[in-house]
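Coordinates in review
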Amino acid sequence: DYKGLLLFNDNQIYEGEFCNGEITGLGRRFIDQDSMYEGMFAQGKYCGKGTLYGANGAYCTAIWEDGKPNGQGKERLEDGTLYDGEYKKGVKEGKGQFIFTDGSKYRGDFKNNSPEGVGELIENN
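In this report, the structure presented in the accompanying data block is examined. (Residues numbered from 1 in each chain as written. Predicted model: local features only at pLDDT ≥ 70, side-chain atom pairs only at ≥ 80, totals over all residues. Heavy atoms only, no water.)

Below, the discussion takes up the sheet that holds strand S6 (residues 59–65). Strand order in the open sheet made by the eleven strands is S1-S2-S3-S4-S5-S6-S7-S8-S9-S10-S11, with antiparallel pairing throughout. Either end of the sheet is taken by a strand with one partner, and the two such strands are strand S1 (2–7) and strand S11 (114–122). Pairwise comparison of adjacent strand axes, ignoring direction, gives a mean angle of 10° for this sheet. Pairing between strand S2 (residues 13–19) and strand S3 (residues 22–30): six bridges, direction antiparallel. When the bridges of S3 are listed, Glu15 appears paired with Arg28. (Pairing = 2+ DSSP bridges. Helix = DSSP H or I, 4+ residues; strand = E, 2+ residues; numbered from the N terminus. Axes fitted to C-alpha atoms, helices over the stretch in contact; angles between N-to-C directions.)

Bringing the pattern of salt bridges into the picture now. According to the stated counting rule, one finds five salt bridges in the structure shown. Across the pair Arg28 and Glu15 runs a salt bridge whose closest N-O atoms are separated by 2.4 Å. One end of the pair, Arg28, is in strand S3; the other, Glu15, is in strand S2, with 13 residues separating them in the sequence. Given the relative accessible area of 30%, Arg28 is considered partly exposed. Overall, Glu15 belongs to the partly exposed group, its relative accessible area being 33%. The residue Asp66 makes a salt bridge to Lys45 at a minimum N-O spacing of 2.8 Å. Note that Asp66 is positioned in the loop between S6 and strand S7 (68–76) and Lys45 in strand S5 (residues 45–53), a separation of 21 residues in sequence. By relative accessible area, Lys45 is classed as partly exposed at 40%. (Salt bridge = Lys/Arg side-chain N within 4 Å of Asp/Glu carboxyl O. Buried < 20%, exposed > 50% of the residue type's maximum accessible area, 1.4 Å probe, protein only.)

Here the focus is a nonpolar patch on the surface. On the surface, Leu5, Leu7, Ile13 and Phe30 cluster together into a nonpolar patch covering about 380 Å² of accessible area. With respect to the element layout, Leu7 can be found in strand S1. (Patch = residues over 30% accessible without salt bridge, like charges linked within 9 Å, V, L, I, M, F, W, Y side chains within 5 Å. Areas by Shrake-Rupley, 256 points an atom, 1.4 Å probe, with all protein chains shown as cover.)

A few words on the pairing of S7. By the bridge criterion, six bridges tie S6 to S7 in an arrangement that is antiparallel. Bridging across to S7, Tyr59 finds its partner in Arg76. Count of turn residues in the S6/S7 antiparallel hairpin: two residues, of which Asp66 carries a positive phi of about 55°. Of the strand pairs in this sheet, S7 and strand S8 (residues 82–88) are connected by six bridges, and their pairing is antiparallel. Bridge pairing in S8 links Arg76 to Leu82.

Listed below in structure tokens is the structure:
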């Protein structure tokens, strides 16, 4: 086990722990000038607790499995909308809530990244 730096052909950079020559452990992957993942890796994929940062303040903090958020997580979209809820294999699915930039909220069920099923919309007065 060791720490190091790896430059990919597509100019991505990994900085962190390696195990048996593989990206495994705590590290950071710089994807492009706007995007970076920081957290746990297993065999080169996001795995465990971590945060993916994107442009305009966007981020997704979650438990990652096989490179995708899975379980409970929090996300800020580029437009400022916040999501706090469940993911299944990278998709917003299950119970969660959106908090929109105007202060209104949707709380309830999500399916395939969208509100669907039982829920309530709370308007900001």
